[in-house]
Amino acid sequence: MNRIFTTTAIAAAVFSVAGIAQARDQVRIVGSSTVYPFASYVAEEFGATTDYPTPVIESTGSGGGLRLFCNGVGEGTPDITNASRRMKTSEFERCQENGVTDITEAKIGYDGIAFAQSSSNESLNLTREQLFKALAAKVPQNDGKNGEIVDNPYKKWSDIDSSLPDREIMVYGPPTTSGTRDAFEELVMEAASEDMDAYGGEAYTDIRSDGAYVDAGENDNLIVQRLSENTEAFGIFGYSFLEANTDTLNGASIDGVAPEPEAISSGEYPVSRSLFFYLKNQHADEVPAMYEYANLFMSEQMISPMGYLQGLGLIPLPEEERQAERDAVEGKEKLELSALK
């Protein structure tokens with residue numbers, strides 16, 4: 001009986017070790033909901049064309065992903081995090097404090113933030129100032145002529161400008177952990193408020209919390225679904241989700257520029273941003289699949305103008321920049337704090 005117990009214990013231990021080894025063959029990825037469709041496609045292709053299992057990807061938002069990524073090194077922490085904005089200096093410093101000291105940054109392409117509605121409505125041209133007035137927690141009273149800032153009184157779009165629809169302001173958008181939310185606050189809220197005299201050139205990014213803006217979570221597909229159910233509402237999400245749903249949605253022009261690939265890649269569309277993923281190089285020995293996955297992601301097969309991801313809505317980088325980013329990943333180039341400032 002003792003021999004049976006001993007043999008069973010050894011078998012269990014061997015099975016446990018094998019399970020851990022097998023688990024480390026599987027790349028763990030977290031991060032941006034905007035990058036998620038692109039990363040998922042690469043992961044499926046990777047699982048189908050290599051001897052490694054398909055990577056596990058969680059859509060946690062850019063901020064949530066970077067927080068998990070920077071928690072430390074080793075079992076229980078992710079190998080890669082996706083981001084729809086660049087890593088912040090504060091996040092880099094937190095990584096360093098927690099022992100995540102060797103990181104490679106990879107820019108995969110461009111994306112625009114769409115402000116979209118049901119295609120049953122006529123297309124709109126909105127200014128960033130109008131978007132700010134619709135969504136800011138506090139706005140200048142009487143357009144700031146008396147210098148006072150008050151709680152947002154606007155209930156309908158037509159309250160902001162009589163030329164806008166006589167529809168209730170209802171916007172489904174990402175949570176505070178989202179890179180899309182960060183980028184929207186920077187490219188729309190900051191840009192608009194800094195041009196308003198009432199704020200004295202300072203940025204104001206607080207989003208209203210009275211029900212006009214609804215935190216719809218990290219799954220952009222759920223926002224798309226809600227727009228089909230509430231045809232008077234708007235949604236904020238990455239351009240790729242607009243591209244995938246052109247039969248049911250239309251995106252508003254911002255400051256006279258429509259959300260189209262050429263305008264996004266050139267920067268003419270005012271709400272465009274770069275997309276990234278970050279590699280934890282200290283996991284390379286334990287997770288050999290990590291770099292093979294990363295190299296596939298950065299290949300021309302995926303991120304070029306003729307690549308698979310372009311068909312999903314990724315706006316490709318120029319050829320020279322693609323090659324430079326590919327070289328950085330292949331060379332495991334270490335990210336330095338000075339590059340983020």
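A quick note: this is a predicted structure, and the numbers were derived from the prediction, not measured.

Rules and cut-offs
- Residues numbered from 1 in each chain as written.
- Predicted model: local features only at pLDDT ≥ 70, side-chain atom pairs only at ≥ 80, totals over all residues.
- Heavy atoms only, no water.
- Helix = DSSP H or I, 4+ residues; strand = E, 2+ residues; numbered from the N terminus.
- Buried < 20%, exposed > 50% of the residue type's maximum accessible area, 1.4 Å probe, protein only.
- Contact = heavy atoms within 4.5 Å.
- Areas by Shrake-Rupley, 256 points an atom, 1.4 Å probe, with all protein chains shown as cover.
- Lys, Arg positive; Asp, Glu negative; His and termini not counted.
- Charge placed at Lys NZ, Arg CZ, Asp CG, Glu CD.
- Domains from an automatic or database assignment.
- Buried area = accessible area lost by both parts, 1.4 Å probe.
- Salt bridge = Lys/Arg side-chain N within 4 Å of Asp/Glu carboxyl O.
- Polar contact = N/O pair within 3.5 Å; in protein donor to acceptor, adjacent residues only side chain to side chain.
- Axes fitted to C-alpha atoms, helices over the stretch in contact; angles between N-to-C directions.
- Parallel < 35°, antiparallel > 145°, perpendicular 65-115°, else oblique.
- Nonpolar A, V, L, I, M, F, W, Y, C, P; charged D, E, K, R; others polar.
- Core = buried A, V, L, I, M, F, W, Y, C linked by side-chain atoms within 4.5 Å.

On to the overall build of the protein. Secondary structure assignment for the protein yields 13 helices and 13 strands. The principal-axis extent of the C-alpha atoms belonging to the protein is close to 85 × 45 × 45 Å. Per-residue burial over the protein gives 51% buried out of 341 residues. Within the protein, contacts between residues separated by at least 24 positions form 73% of all contacts whose residues are at least 6 apart in sequence. Counting only carbon and sulfur atoms, one obtains 47% of the accessible surface of the protein, whose full area is about 15400 Å². Within the protein, one finds 26 positive and 55 negative side-chain charges whose respective centroids are separated by 5 Å.

With that out of the way, let us pick up the domain arrangement of the protein. According to the domain assignment, the protein consists of domain 1 (28-111 + 273-339) and domain 2 (112-272). Carbon and sulfur atoms make up 53% of the surface buried where domain 1 meets domain 2, a total of about 1400 Å² over both sides. Between Asp182 and Lys88 there is a salt bridge, with the nearest N and O atoms lying 4.0 Å from each other. Run the count over domain 1 and domain 2 and you get 8 residue pairs in polar contact (both at pLDDT 80 or more).

Let us now look at helix 3 (residues 62-69). Each α-helix winds once per 3.6 residues, and so residues spaced three or four apart point in a common direction. Taken across its 8 residues, helix 3 has 6 buried, putting it largely inside the fold. Of the surrounding elements, those touching the buried residues of helix 3 are strand 1 (28-31), strand 3 (80-83), helix 4 (89-97), strand 4 (103-118), helix 7 (179-194) and strand 13 (272-280).

Within the fold, Arg208 resides in the loop between helix 7 and strand 9 (213-215). One polar contact links the side chain of Arg208 to the main-chain carbonyl oxygen of Ala134, over a distance of 2.7 Å. A distance of 2.9 Å separates the side chain of Arg208 from the backbone oxygen of Tyr154, its partner in a polar contact. Setting aside residues no more than four positions away along its own chain, Arg208 makes contact with Lys133, Ala134, Leu135, Ala136, Ala137, Asn152, Tyr154, Ile169 and Tyr213.

This next bit is on the pattern of salt bridges. Under the counting rule described, the total for this entry stands at 15 salt bridges. Note that Arg326 is salt-bridged to Glu300, the shortest N-O span being 2.6 Å. In this pair, Arg326 is assigned in helix 13 (residues 319-330) and Glu300 in helix 12 (residues 300-303), connecting sequence segments 26 residues apart. What makes Arg326 buried here is its relative accessible area of 10%. Judged by its relative accessible area of 35%, Glu300 falls in the partly exposed class. Residues joined in a network through salt bridges with shared partners are Arg85, Lys88, Glu91 and Asp182.

As a further point, take the packing of helix 5 (residues 128-135) against helix 7. Their axes nearest at 8 Å, the elements helix 5 and helix 7 cross at an angle of 100°. In terms of orientation, helix 5 lies roughly perpendicular with respect to helix 7. Along its contact with helix 5, which presents Arg128, Glu129, Leu131, Phe132 and Leu135, the element helix 7 presents Phe184, Leu187, Val188, Met189, Ala191, Ala192 and Ser193. Considering only residue class, the contact of helix 5 with helix 7 consists of 9 nonpolar, 1 polar and 2 charged.

Looking at the secondary structure, you find Ser253 in strand 12 (residues 253-254). Take Ser253: its relative accessible area is 17%, and that puts it in the buried class.

Now for the nonpolar core. Judged by nonpolar contacts, the single largest core of 54 residues is most densely connected at Phe115, Phe132, Trp157 and Phe237. Residues from two domains meet in this core; each of domain 1 (28-111 + 273-339) and domain 2 (112-272) gives at least three. Those residues in contact with Phe237 that lie beyond four places of it in its chain are Gly112, Ile113, Ala114, Ala116, Thr180, Asp220, Ile223, Val224, Leu227, Leu242 and Leu249. In this structure, Ala43, Ala289, Met290 and Ile303 belong to the second largest nonpolar core, which totals 30 residues.

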